[in-house]
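# Topology and contacts: notes
Listed here are the chains, written in short residue letters.
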Amino acid sequence: MTPMHIVFLVVAVVTLFAAGMVVTTRRMMHSALWLILALMGVAVVFAMLDASFFAVVQVLVYIGAIAILIIFAIMLTRGVMEISGPQVNKGWWLPAVGVVVLFLGIVVGLSQWGGFDTLLPALPADANNIALFGQALTSPDSYVIPFEVASILLLAALMGAIYLGTEGRRGKK
Amino acid sequence: MSDNWLYIGMFMIISAFLPAAAITIAGILSPKKPDKIKNSIYECGMETVGETWIQFKAQYYVYALVFLVFDVETVFLYPWAMAYNQLSLYAVVEAIIFILILLGGLLYAWRKGALEWL
Amino acid sequence: MNFLSDPVPFLTDWLNGLLAGWGLSIGLVHFISYIIGGGILATAAMLLVLFLIWLERKLIGRIQDRLGPNRVGPFGLFQTLADMLKIFIKEHITPEGADRVPYELGPVLSVAAVLMVWAVLPFTRTTMGTDLSVGLLFIFAVGSIGELAVILAGWGSNNKYALLGAFRAVALLISYSIPMLIVLLVPVMLAGSLRLNDLVQAQNVWYIVLAPVPALIFFISSVAEVGRSPFDLTEAESEIVSGFNIEYSGLKFGMFYVADFLHAFTISLIFSTIFLGGWRGPAAEQIPILGFVYYLVKTSVVYFLVVLMRGTLPRLRIDQMNNLNWKFLTPFSLLSVIVFALADKILPNSLTLGRVLVLLAANALILAAMVGGMNWFSAHRRRPVVVTRRRHEIASHKDVSA
């Protein structure tokens, strides 16, 4: 077991535990805080894979923007301070059995897939990768159309969010 | 894992450890006399009535959303900026179209009054 | 390299040699030297804060035509030490019903977020914590952890006003991140890399000369991010009862204070790295320790500017701060990126002087647009109509509105 294996195991366990706590904890705000821990775990996994740009963007966008957005959205609900009762309903064992069976099926199916043994060609040292990524984003025979469509998608999201967010004011006018 | 991230990980642990150690030492050195009045919540000298819940303005949510859109836009632009010196004018014009579309979004938000602090 | 011109790599190599000589594996040797190096850097940063607090109090005192601390020690140098000793032994009063984990984590994460920036700053050509390939974005990712610390502190205090103050603070922090991130595209375009050491080494001409308007926008946004005057609405004592750190006492409050001062110095470091050429200067390539001296001098100039802004400008209101950000800084940062991208591509940049002049002209254009925008805005703003009663009308109790 190399140290990297140990670090990965620790990070994976922490991330999965945090993800489990997101859905089972009783206070909504704690749910958001556990989500932040899970996102941080994903960022650490990206860093371990040497995808530096994505690790940093994960923290910057997910934790710096999306998690804060989720916390603000939680604060808009009235029940944020209350303990919202037990988090499981009465017949919880039936879906649990279904989930475990499905999971075992996936594990058995994947264990027979040969793709885990083929090594992908290693990327060159990641100094240049982001520049290549940038060139790919804007070159005509590569990803420029998704690039522009992404900007239109962001514009649509912005307009939709403003429409929903200024509803109270429009109603008064 | 490259050495860089190992250093960052170590530094993260050290930089979280230092203030935590200082606060723990201060916690040991300081007196502990919990008192009901001392521990009550500060509210300009009056007693707290009702539970801690505030009227949360929807304006905060709109700011966070506009911030999110611009943050994602900026993340798209950083690889382009890194490759800038090798790009042709055509690629630069494409990225400028990207920025202009989002500038249009900002103008829309401005005109709709979404950026006013109410 | 010898010890005098390049102390840190010399010492590092000596330590590595010593540890390898004891028979440890290479990975472990590097690990131990990382821990020691990181520990020294973090401790130096924390101890620097003691000096910075004294410096700021002296400067603010002089700006306000008074002496500042001068009793404790020569020139009052030990004043901060005395204050720290006092804060160490103050009681930690925990408010009832406080959520323990966020409450305790708030100050720790606040300081940690600022300290982590020091890991990627290039102090000399050969000395830096680590030369991360995405160093510039790393600084802002760590800043978002600082914003999180504010939310944790406000939430963990179980206090309405702390929560309200925390949300206002975070709304401001995230708003001012946007011009900062957008305007930093310009140095990245000019240098072609996100590594901070590459940014410094690409500055044959300082970027503040090539890109003064982005430097200005970055400076204003950074000062707002730190939460300093004139943007210190979220933590001033007279505003919203001192904001999110109201339920903190003792060293936990002291940690927020430390984070504030360290953050102000850190943004001066970042500004002088990106725009003022960092450690570059005459003979800094051959004698790296000179680079450190140049870096300190540049950072001190910027820090002095930050303190000067604090001492002279009045505080902005929250709606003024939001207007400044969304209606002024963000559109102009986007505009400056567009103008730069076009200017640097259209005209050939083989001649250095020609390129400098072209970019300066582009900046002058943006600056003219900014000043024009400000004039238009203040001319078209609705002014409140003031009705004044003339003295004889008041004396004769006449009704003015008739």
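Read on for a plain summary of the structure. Please read these numbers as outputs of a predicted model, since none were measured by experiment.

Parameters and conventions
- Residues numbered from 1 in each chain as written.
- Chains lettered and ligands numbered in written order.
- Predicted model: local features only at pLDDT ≥ 70, side-chain atom pairs only at ≥ 80, totals over all residues.
- Heavy atoms only, no water.
- Helix = DSSP H or I, 4+ residues; strand = E, 2+ residues; numbered from the N terminus.
- Buried < 20%, exposed > 50% of the residue type's maximum accessible area, 1.4 Å probe, protein only.
- Areas by Shrake-Rupley, 256 points an atom, 1.4 Å probe, with all protein chains shown as cover.
- Lys, Arg positive; Asp, Glu negative; His and termini not counted.
- Charge placed at Lys NZ, Arg CZ, Asp CG, Glu CD.
- Phe/Tyr/Trp six-rings, centres within 6.5 Å; stacked < 30°, edge-to-face > 60°.
- Contact = heavy atoms within 4.5 Å.
- Buried area = accessible area lost by both parts, 1.4 Å probe.
- Salt bridge = Lys/Arg side-chain N within 4 Å of Asp/Glu carboxyl O.
- Nonpolar A, V, L, I, M, F, W, Y, C, P; charged D, E, K, R; others polar.
- Core = buried A, V, L, I, M, F, W, Y, C linked by side-chain atoms within 4.5 Å.
- Domains from an automatic or database assignment.
- Patch = residues over 30% accessible without salt bridge, like charges linked within 9 Å, V, L, I, M, F, W, Y side chains within 5 Å.
- Axes fitted to C-alpha atoms, helices over the stretch in contact; angles between N-to-C directions.
- Parallel < 35°, antiparallel > 145°, perpendicular 65-115°, else oblique.
- Left-handed = near helix turned anticlockwise from the far one by under 90°.

## Considerations on the overall build of chain C
From N to C terminus, chain C includes 15 helices and zero strands. With the C-alpha coordinates aligned to their principal axes, the bounding extent of chain C is approximately 100 × 65 × 40 Å. Here chain C holds 402 residues, and 56% of them are scored as buried. For chain C, the computed accessible surface area is about 17100 Å², with 67% contributed by carbon and sulfur atoms. Chain C carries 29 positive and 24 negative side-chain charges, and their two centres are separated by 9 Å.

## A closer look at the packing of aromatic side chains
According to the stated counting rule, one finds 32 aromatic pairs over all chains in the structure shown. With 6.2 Å between their ring centres and 10° between their planes, Tyr63(B) and Trp326(C) make a pair best called stacked. You can see Tyr63(B) sitting in helix α3 (residues 58–82) and its partner Trp326(C) sitting in helix α13 (residues 318–346), one on each of two chains. Both residues of the pair, Tyr63(B) and Trp326(C), belong to the buried class. A centroid spacing of 5.7 Å and a plane angle of 75° characterise the contact between Phe265(C) and Tyr303(C), whose relative ring orientation is edge-to-face. Here the residue Phe265(C) occupies a position in helix α11 (residues 251–274), and Tyr303(C) occupies one in helix α12 (residues 288–312), the gap between them amounting to 38 residues.

## A short note on the interface of chain C and chain B
Listed as interface residues are 82 residues of chain C and, on the opposing side, 70 residues of chain B. Carbon and sulfur atoms make up 75% of the area that chain C and chain B hide from each other, which totals about 6900 Å². The tally of links between chain C and chain B comes to zero salt bridges. When contributions to the side of chain C that touches chain B are tallied by element, the ones reaching two or more residues are α2 (26–63), α4 (100–115), α5 (135–156), α6 (160–183), α7 (185–191), α11 and α13 of chain C.

## A short note on the interface of chain B and chain A
The interface is formed by 47 residues belonging to chain B together with 47 residues belonging to chain A. When chain B packs against chain A, the two sides together hide about 4300 Å² of surface, and 78% of this comes from carbon and sulfur. In this assembly, chain B and chain A are joined by zero salt bridges. Elements supplying a minimum of two residues to the side of chain B that touches chain A: α1 (3–29), α3 and α4 (89–111) of chain B. When grouped by side-chain class, the residues that make up the side of chain B that touches chain A number 36 nonpolar, six polar and five charged.

## Re the nonpolar core
Counting residues in hydrophobic clusters, the biggest one holds 193 residues, and the most contacted among them are Trp80(B) and Phe218(C). For this core, the two domains that each supply at least three residues are domain 1 (1–83) and domain 2 (128–173) of chain A. Those residues within four positions of Phe218(C) in sequence are excluded, and the remaining contacts are Phe140(C), Met180(C), Val183(C), Leu184(C), Ile270(C), Phe271(C), Ile274(C) and Phe275(C).

## Quick word on the environment of Met4(A)
Within the secondary structure, Met4(A) sits in helix α1 (residues 3–24). Sequence separation between Met4(A) and Met48(A) is 44 residues, and the spatial gap between their C-alpha atoms is 8.2 Å.

## Let's talk about the side chain of Thr330(C)
Within the secondary structure, Thr330(C) is located in helix α13. Taking the relative accessible area as the measure of exposure, Thr330(C) reaches 0% and is therefore buried. Every residue in contact with Thr330(C), bar those within four places of it in the chain, is listed here: Leu106(B), Ile178(C), Pro179(C), Ile182(C) and Asn325(C).

## A word on the pattern of salt bridges
Residue and element names in this part refer to chain C. Applying the stated criterion across every chain yields a total of six salt bridges over all chains. In this structure, Glu104 engages Lys252 in a salt bridge whose closest nitrogen and oxygen atoms are separated by 3.5 Å. One end of the pair, Glu104, is in helix α4; the other, Lys252, is in helix α11, with 148 residues separating them in the sequence. Glu104 sits in the partly exposed class, given a relative accessible area of 27%. In this structure, Arg195 and Asp131 form a salt bridge, with 3.7 Å as the shortest nitrogen-oxygen distance. With Arg195 in the loop between α7 and α8 (196–201) and Asp131 in the loop between α4 and α5, this pair connects stretches of sequence that are 64 residues apart. Overlapping salt bridges, with partners in common, bring together Arg100, Glu104 and Lys252 in one network.

## With respect to a nonpolar patch on the surface
Residues and elements named next belong to chain C. Together, Phe3, Leu4, Phe10, Leu11, Trp14, Leu18 and Trp22 make up an exposed nonpolar region whose accessible area comes to about 810 Å². You can see Leu18 is positioned in helix α1 (residues 7–21). Residue classification places Leu18 among the partly exposed residues on the basis of a relative accessible area of 34%.

## What about the packing of α1(B) against α11(C)?
Put simply, α1(B) and α11(C) touch, their axes get as near as 9 Å, and they point 150° apart. In this view, α1(B) runs roughly antiparallel relative to α11(C), as classed from their interaxial angle. In this structure, α1(B) crosses over α11(C), and the sense of that crossing is right-handed. Contacts from Pro19(B), Ala22(B), Ile23(B) and Ala26(B) in α1(B) reach Leu251(C), Lys252(C) and Met255(C) in α11(C). Looking at the contact of α1(B) with α11(C), its residues break down into six nonpolar, no polar and one charged.

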